[in-house]
Amino acid sequence: MRRLASMAGAGAFAFACTSAFACTSAATAAAPNPSFGQHGMALFGGPDALYVSHLPMFHAPHDAQVVLRVRLADPAQDAALRRRLAARTTLWTVAPEKFELDRLAPGAGKPLASFKADLVLGHFEQDGSTEFKEATVVVERVLMYRRLDPQQRVATRARYVQLGGGARRFLVKEIDSRPDFDHIVAIRSAAGAPTGPASVPKLALRETPAAALERALPGASVAGTVYFYTADLK
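About the thresholds
All residue numbers here refer to positions counted from 1 along the written sequence of the relevant chain. Restriction of local features to residues with pLDDT of at least 70 applies here, the model being predicted, together with a cutoff of 80 or more for giving and counting side-chain atom pairs; totals for whole chains, interfaces and linings are based on all residues. Hydrogens and waters are ignored; side-chain quantities use all the structure's heavy atoms. For helices the rule is a DSSP run of H or I covering at least 4 residues; for strands it is a run of E covering at least 2, with both sets numbered from the N terminus onward. Contact between two residues is taken to exist if any of their heavy atoms lie within 4.5 Å; hydrogens are not considered. Only the protein chains shown count as cover for residues, with accessible areas throughout obtained via the Shrake-Rupley method and a probe of 1.4 Å. Both site types are read off a 1 Å grid over the protein atoms alone. A 1.4 Å probe that fits but cannot get out defines a cavity, while an open set with protein on both sides within 12 Å along at least five of seven lines defines a pocket; lining residues have an atom within 4 Å of a point. Grid points are joined across faces, edges and corners, and a volume is the space filled by probe spheres set on the points. Side-chain classes follow a simple rule in which Ala, Val, Leu, Ile, Met, Phe, Trp, Tyr, Cys and Pro form the nonpolar group, Asp, Glu, Lys and Arg form the charged group, and the remainder, Gly included, forms the polar group. Side-chain rings of Phe, Tyr and Trp (the six-membered ring for Trp) are treated as a pair once their centres are within 6.5 Å; stacked means planes under 30 degrees apart, edge-to-face means over 60, and tilted covers the remaining angles. Multiplying 1.5 Å by the residue count of a helix minus one yields the expected span of that helix. Only protein chains enter the accessibility calculation, which uses a 1.4 Å probe; a residue whose area is less than 20% of its type maximum is buried, one above 50% is exposed, and one in between is partly exposed. N or O atoms closer than or at 3.5 Å make up a polar contact, with two conditions inside protein: a donor-capable atom paired with an acceptor-capable one, and, for residues adjacent in sequence, both atoms drawn from side chains. Whether two strands pair depends on DSSP finding at least two bridges between them. Axes here mean lines fitted to C-alpha atoms, for a helix over just the part in contact, with angles spanning 0 to 180 degrees between N-to-C directions. Here a salt bridge means any side-chain nitrogen of Lys or Arg lying within 4 Å of a carboxyl oxygen belonging to Asp or Glu.

Counting its secondary structure elements, the protein chain contains four helices and 13 strands. Sequence-distant contacts in the protein chain: of pairs separated by 6 or more residues, those separated by 24 or more amount to 63%. Surface exposure of the protein chain reaches about 12,200 Å², of which carbon and sulfur atoms provide 55%.

Below, the structure written as structure tokens:
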């Protein structure tokens, strides 16, 4: 019965496609967006702001480095999450519903305004604990959207983008090599200190030492590592 139904459907499609153009148009319309999938993210921040950073790979649908400033739609959940993130530097991740990552790209025709997600203490794929179930995450601003280049290449320096302008800030390493590593660091800094990027020597796939980051950002001190991972960027 399954085979007959399949053949009948194929016949109906063939009959409906009266020209090569019509068949091509129908196939294109049915093709899924190559960036559609579940896009896990690292979650970090505190009272001043919440951030999520997509956990990228060098293949679709995850081949873009994306950092967002967000908030939770529920004010009570939002306040509780910010308090917990400010209490100590540890890994939180986001397990969102599936969506098209391209909707966060500059000039997207239908920008992603919000999505549902479980917020997990620890890694959502490695026995983390779900602390907020099906929370609504509102996208306030896209801070970074960089399409990853799959070609093998080596960089001798690592560039870190600085997020935040108060005493508590974060550094996110730009992924610019293959293989490479994903690295997010919490820092403490003077409220009026510059907010520009930091460039430091890159030590192959080893985590950048705190001392190197502090030398690149005078007056700053590293509070801890939020996320460091190499396996997905080989």
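Now, onward.
All right, on to empty space enclosed by the protein then. Under the criterion given, the structure shown has two cavities of 30 Å³ or more. Here the largest cavity is characterised by a volume of approximately 50 Å³. Around the largest cavity, the lining residues are F44, G45, L85, R88, T89, T90, R168, F170, A186 and V226. Secondary structure elements with two or more residues in the lining of the largest cavity: β2 (41–45) and β10 (168–173). When the residues that make up the lining of the largest cavity are grouped by side-chain class, the tally is five nonpolar, three polar and two charged. Taken as a whole, the second largest cavity holds about 30 Å³ of empty space. Considering the residues around the second largest cavity, the lining is formed by L55, P56, D182, Y227, Y229, D232 and L233. Of the residues assigned to the lining of the second largest cavity, the class counts are five nonpolar, no polar and two charged.

Let's shift gears to the packing of aromatic side chains. This model, assessed by the stated rule, comprises seven aromatic pairs. Measuring from ring centre to ring centre gives 6.1 Å for Y51 and F170, while their planes differ by 65°; the resulting arrangement is edge-to-face. Taken together, the positions of Y51 in strand β3 (residues 50–54) and F170 in strand β10 put the pair 119 residues apart, joining distant regions of the chain. A connected cluster of aromatic rings, assembled from ring pairs, spans F44, Y51 and F170.

Between its terminal C-alpha atoms helix α3 (residues 75–87) stretches 19 Å, which fits the 18 Å expected from 13 residues at 1.5 Å a residue. Looking only at α3, the buried set comprises D78, A80, L81, R82 and L85. Between the side-chain oxygen of the N-cap and the backbone nitrogen of A76 there are 2.9 Å, and the N-cap of α3 in question is D74.

Attention now moves to the sheet that holds β10. Across a sheet, strands are paired by hydrogen bonds formed along the backbone, either parallel or antiparallel in direction. With antiparallel pairing, the five strands of this open sheet are ordered in space as β12-β9-β10-β11-β13. Looking at the sheet topology across the chains shown, the edges are occupied by β12 (198–201) and β13 (221–229). Neighbour to neighbour, the strand axes of the sheet diverge by 25° on average, direction disregarded. Taken together, the five bridges between β10 and strand β11 (residues 182–188) define a ladder with antiparallel strand orientation. Looking across to β11, one finds that R168 is bridged to R188.

Moving on, we get to the pattern of salt bridges. Overall, the coordinates contain 13 salt bridges when judged by the stated rule. One salt bridge in this structure joins R159 and E174, with 2.6 Å as the shortest N-O distance. Separated by 15 residues along the polypeptide, R159 in strand β9 (residues 157–163) and E174 in the loop between β10 and β11 bring together distant segments of the chain. Assessed through its relative accessible area of 14%, E174 is described here as buried. One connected set of salt bridges, linked through shared partners, spans K173, D176, D180 and K202.

Another aspect to go through is the sheet that holds strand β7 (residues 114–121). What the six strands build is a closed barrel, ordered β2-β3-β4-β8-β7-β5; its pairing is antiparallel. The average undirected angle you get between the axes of adjacent strands in this sheet is 40°. Two elements, β7 and strand β8 (residues 129–147), share seven bridges in a ladder whose sense is antiparallel. Among the inter-strand pairings, L119 is bridged to a residue of β8, identified as F132. Packed on one face of the sheet, α3 meets β2, β3, β4 (64–72), β5 (92–96), β7 and β8 and runs near 120° to β4.

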